[in-house]
Amino acid sequence: MTQSTTETLTIPQNLGGQRIDLALQQMLPEHSRSRLQAWIKEGLVTVDGANVVAKTKVWGGEKVIVNQPPNLQENAFKPENIPLDIIYEDDAILVINKPAGLVVHPAAGNWGGTLLNALLYHYPAIADVPRCGIVHRLDKETTGLLVVAKTLEAQTSLVRQLQARTVKREYRAIVWGQVWRNGKIDQPMGRHPHARTKMAVLRNGKPAVTHYEVLERFGTNTYMRCRLETGRTHQIRVHMQYIKAPMVGDPQYGIGNIIPHNKMSEVLKEAIAGFNRQALHAVKLGLIHPVTNAFMEWQIELPEDMRSLLEAMRHEDAPEWEGEFDLAVDENGLYIGDDDWDDDLDDDESLDEDLLDEDLQDEELNEDTKDD
């Protein structure tokens, strides 16, 4: 485990009259001023044995002790015994059911406790594969299927399939509002101009296309099936917000505290209050096996929290619509209707295509750096 370090300094006379943060910035140029200010705020810096604030002035001759916290980034590629839910495994690939709360790849705010750390523990040889076999990502609080390459050959094949958009990915989402027709959202996306940890629909953004289909409607919500032509970061979440159907529980793109309580039963109010993540699940994954060249497909059930949320919504008063409407889902919320979408409409909601040939590390968009 990385240890913290303690450094003892004496303020030189030529820095007398300056603020402590500015003086330390000149004495410790390897650290940014914002980092030094954070250490001061956390009580890691003392002057003559007393805690100070960043604007405290020094006059020269003071004894300063700086307790530098451990560099958590050093934990990024260390094995950790984190359990994995393996759906399929052979010598070339792993298919994992990722739980909510598990970050896929280390980044600022999450240098440990990630899927990568778990892979290094359970499969030490995977360290020889670029990015430990991770070829795409799901957001921290998004659940569902994820494929990992166990060999360099498999990694190359999967990356090429993702680039060609031949990997079949399907999602389930529970959103606010009643969506009354199936549709296609063709709106470019880019980094939010003001909130750097978020994405947004932007006129000069990169092309982003989401197809969606209504599976079930409730009094205040809609259960949807989503597929993507492109794979921009946070794409489904941003596009659902764009059509004014933000995802239930989404802390970044949701409706916040503006919840229509007067239209909800006490049971649903309680279910919504206890749902603390975006209601998004990667339910289906299909790809060409890197070794056998055979098409393989996996489908899993909704996680328990989304099933419980749907059950609470099904007890609400049903909306009225003209004609018959076939929900085409079974008791677990899995789609059982015709698969009438083109196979090339696929990609990962959290996979930015521009990251395929680069590091899969986007510190500013990591979900825990917003404050995730």
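For the structure, see preceding data.
In every chain, residue numbers begin from 1 and rise along the written sequence. With the structure being a predicted model, the display of local features is reserved for residues of pLDDT at least 70 and the display and counting of side-chain atom pairs for 80 or more, all residues being used for whole-chain, interface and lining totals. As a convention, hydrogens and water are excluded, and side-chain values are obtained from all of the structure's heavy atoms.

**Focus: the nonpolar core**
Item 1. Ranked by internal contacts, the top residues of the largest apolar core, which has 52 residues, are Leu119, Ile174 and Val248.
Item 2. We call two residues contacting when some pair of their heavy atoms lies within 4.5 Å. Discounting residues that sit within four places of it in the chain, Val248 has contacts with Ile174, Val175, Trp176, Asn221, Ile272, Phe275, Arg277, Gln278, Ala279, Leu309 and Met313.
Item 3. Nonpolar core, defined: a set of buried Ala, Val, Leu, Ile, Met, Phe, Trp, Tyr and Cys residues in which side-chain atoms within 4.5 Å join the residues together. Note on exposure labels: buried denotes an accessible area under 20% of the residue type's maximum, exposed denotes more than 50%, and partly exposed covers the range between, all computed with a 1.4 Å probe on protein chains only. Counting 17 residues, the second largest nonpolar core, distinct from the first, contains Leu9, Leu36, Trp39 and Val52.

**A few points about the environment of Leu158**
Item 1. Under the DSSP-based scheme used, a helix requires at least four consecutive residues in state H or I and a strand at least two consecutive residues in state E, with every element numbered from the N terminus. Tracing the backbone shows Leu158 in helix H4 (residues 152–164).
Item 2. The contacts of Leu158, once residues within four sequence positions are left out, are Ile93, Val135, Val147, Val148, Ala149, Leu287 and Pro290.

**A short note on the pattern of salt bridges**
Opposite charge on two side chains allows them to pair when their charged atoms are near.
Item 1. Basic side-chain nitrogens of Lys or Arg form a salt bridge, by our definition, when they fall within 4 Å of a carboxyl oxygen of Asp or Glu. Applying the stated rule across the entire model yields 16 salt bridges.
Item 2. For Asp21, the salt bridge goes to Arg19, with nearest N and O atoms at 2.9 Å.
Item 3. Judged by relative accessible area, Arg19 falls into the partly exposed class, the value being 28%.
Item 4. Salt-bridge contacts for Glu301 lead to Arg307; the nearest nitrogen and oxygen are separated by 3.5 Å.
Item 5. Judged by its relative accessible area of 38%, Glu301 is partly exposed.
Item 6. The structure contains a network of salt bridges with shared partners spanning Glu170, Arg172, Glu213, Arg225, Arg227 and Lys284.

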